[in-house]
Amino acid sequence: MRDFCYDLAAALPTLLATGKHGKLAAAIKRAMSTASGYQDLSDARDALLLLRRLTKEKDISSRFAEDDLSMMTGALFAQAVILYTRATDTKPIERQKWFGRDKLSGEDRQFHQEVMSLRDHALAHFGRAAELTDGALVKEALVMERDGNAVKIAFYSSRAQNRAAFAASLLALVERVQRLAYDATQARYADLGAALAAASKLDPAVPTLMRGFAFDGEGFFPTKGWQDRV
């Protein structure tokens, strides 16, 4: 049984409105942003692990029609790429940046750029990702053909929903960057704890303010065992 459970993110606007505790507000923002990036990386890893199960374990893949399986693997592959790039090198909106390419080794930095390019040129925007080692992600053709006495034009598209070698390399990169994000998150949590203690010492109204933002876990996680996920 927890003695208290407050949502610091929900309290942030009210805290800012007091105009008194800039350091505490900044610490909340930094912790929230870094933890959010770490969560994206965790979700990217989960997507890649499920993708591997769908493509490697016959007892799972055999449960689905081929077209359905292709759609699911494509969705997981795209989700992992988008979450990884959002957590790392995408210009952040409503959260602060925690990642820098200098955190990566030269080899990882090069592959990181390939992931960014794939996101930019084939997933988030139009492109075929023709430079991939194992072939383009998208192939398109505009075909004119005669069928009896009629001439018709048809558009054909073939999308490789998954690139196994790329996905395996991405999983390894995600796991390495996830460890960096975990360390960064723990450091920001420590900073936040110190800032909260200092603000509470200077202003007894701070603990009172926080008590007005109790975290409703049952509403936030409407499933059994939500405490284990926090």
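Residues numbered from 1 in each chain as written. Predicted model: local features only at pLDDT ≥ 70, side-chain atom pairs only at ≥ 80, totals over all residues. Heavy atoms only, no water.

### Thoughts on the confidence of the model for the chain
As a note on interpretation, predicted positions should not be read in detail where pLDDT is low.
For step 1, the next point in the chain: Of all residues in the chain, 89% attain a pLDDT of 70 or more, and the chain-wide mean is 86.
For step 2, the next point in the chain: When pLDDT is averaged over each element of the chain, helix H6 (residues 164–202) comes out on top at 95 and helix H3 (residues 58–61) at the bottom at 76. (pLDDT = per-residue confidence, 0-100. Helix = DSSP H or I, 4+ residues; strand = E, 2+ residues; numbered from the N terminus.)

### Describing the pattern of salt bridges
For step 1, the next point in the chain: Counting across every chain of the model gives nine salt bridges.
For step 2, the next point in the chain: Notably, a salt bridge pairs glutamate 175 with arginine 45, separated by 2.9 Å at the nearest N-O pair. Highlighted residues: glutamate 175 in helix H6 and arginine 45 in helix H2 (residues 22–56), separated in sequence by 130 residues.
For step 3, the next point in the chain: With relative accessibility at 23%, the residue glutamate 175 sits in the partly exposed group.
For step 4, the next point in the chain: One salt bridge in this structure joins aspartate 191 and arginine 188, with 2.8 Å as the shortest N-O distance. (Salt bridge = Lys/Arg side-chain N within 4 Å of Asp/Glu carboxyl O. Buried < 20%, exposed > 50% of the residue type's maximum accessible area, 1.4 Å probe, protein only.)

### Points about the nonpolar core
For step 1, the next point in the chain: Counting 33 residues, the largest nonpolar core has Leu48, Phe77, Tyr84, Val115, Leu170 and Val177 as its most contacted members.
For step 2, the next point in the chain: Among the elements of the structure, H2, helix H4 (66–87), helix H5 (106–123) and H6 are those that each provide at least two residues to this core.
For step 3, the next point in the chain: Element by element, the count of residues in this core is highest for H6, at nine residues. (Core = buried A, V, L, I, M, F, W, Y, C linked by side-chain atoms within 4.5 Å.)

### Describing unusual backbone geometry
For step 1, the next point in the chain: Despite not being glycine, glutamate 94 has its phi angle at roughly 70°, a positive value.
For step 2, the next point in the chain: Mapping glutamate 94 onto the fold places it in the loop between H4 and H5.

### Some remarks on the packing of aromatic side chains
For step 1, the next point in the chain: This structure, assessed with the given rule, holds five aromatic pairs.
For step 2, the next point in the chain: Feature note: the residues Phe77, Phe111 and Phe166 constitute an aromatic cluster, connected by ring pairs. (Phe/Tyr/Trp six-rings, centres within 6.5 Å; stacked < 30°, edge-to-face > 60°.)

### Notes on a nonpolar patch on the surface
For step 1, the next point in the chain: A grouping of Leu142, Met144, Val151, Ile153 and Phe155 is seen on the molecular surface, where their side chains present a nonpolar patch of about 610 Å² in accessible area.
For step 2, the next point in the chain: Sorting the residues of the nonpolar patch by element identifies strand S1 (138–147) and strand S2 (150–159) as the ones contributing at least two each.
For step 3, the next point in the chain: No other element matches the three residues that S2 contributes to the nonpolar patch.
For step 4, the next point in the chain: With respect to the element layout, methionine 144 can be found in strand S1.
For step 5, the next point in the chain: According to the relative accessible area criterion, methionine 144 is exposed, its value standing at 63%. (Patch = residues over 30% accessible without salt bridge, like charges linked within 9 Å, V, L, I, M, F, W, Y side chains within 5 Å. Areas by Shrake-Rupley, 256 points an atom, 1.4 Å probe, with all protein chains shown as cover.)

### Describing H5
For step 1, the next point in the chain: Taking 1.5 Å of rise per residue, 18 residues should cover 26 Å, and H5 covers 25 Å from first to last C-alpha, within 8% of that figure.
For step 2, the next point in the chain: Inspection of H5 places Asp108, Phe111, His112, Val115, Met116, Ser117, Leu118, Arg119 and Ala122 among the buried residues, and these make up the whole buried set. (Expected span 1.5 Å × (residues − 1).)

### Side note on helix H1 (residues 8–18)
For step 1, the next point in the chain: When H1 is considered as a whole, its buried residues turn out to be Ala11, Leu12 and Leu15. Looking down the long axis of H1, one finds its buried residues gathered within 130° of arc, a one-sided arrangement. Facing away from the buried side of H1 by more than 90 degrees, the exposed set consists of Pro13 and Ala17.
For step 2, the next point in the chain: Elements in contact with the buried residues of H1: H2 and helix H7 (205–211).
For step 3, the next point in the chain: Near the N-terminus of H1, the side chain that reaches the backbone nitrogen of alanine 9, with its oxygen 3.1 Å away, is that of aspartate 7.
For step 4, the next point in the chain: At the C-terminal side of H1, glycine 19 shows a positive phi close to 70°. (Arc of directions from axis to C-beta. Contact = heavy atoms within 4.5 Å. Polar contact = N/O pair within 3.5 Å; in protein donor to acceptor, adjacent residues only side chain to side chain.)

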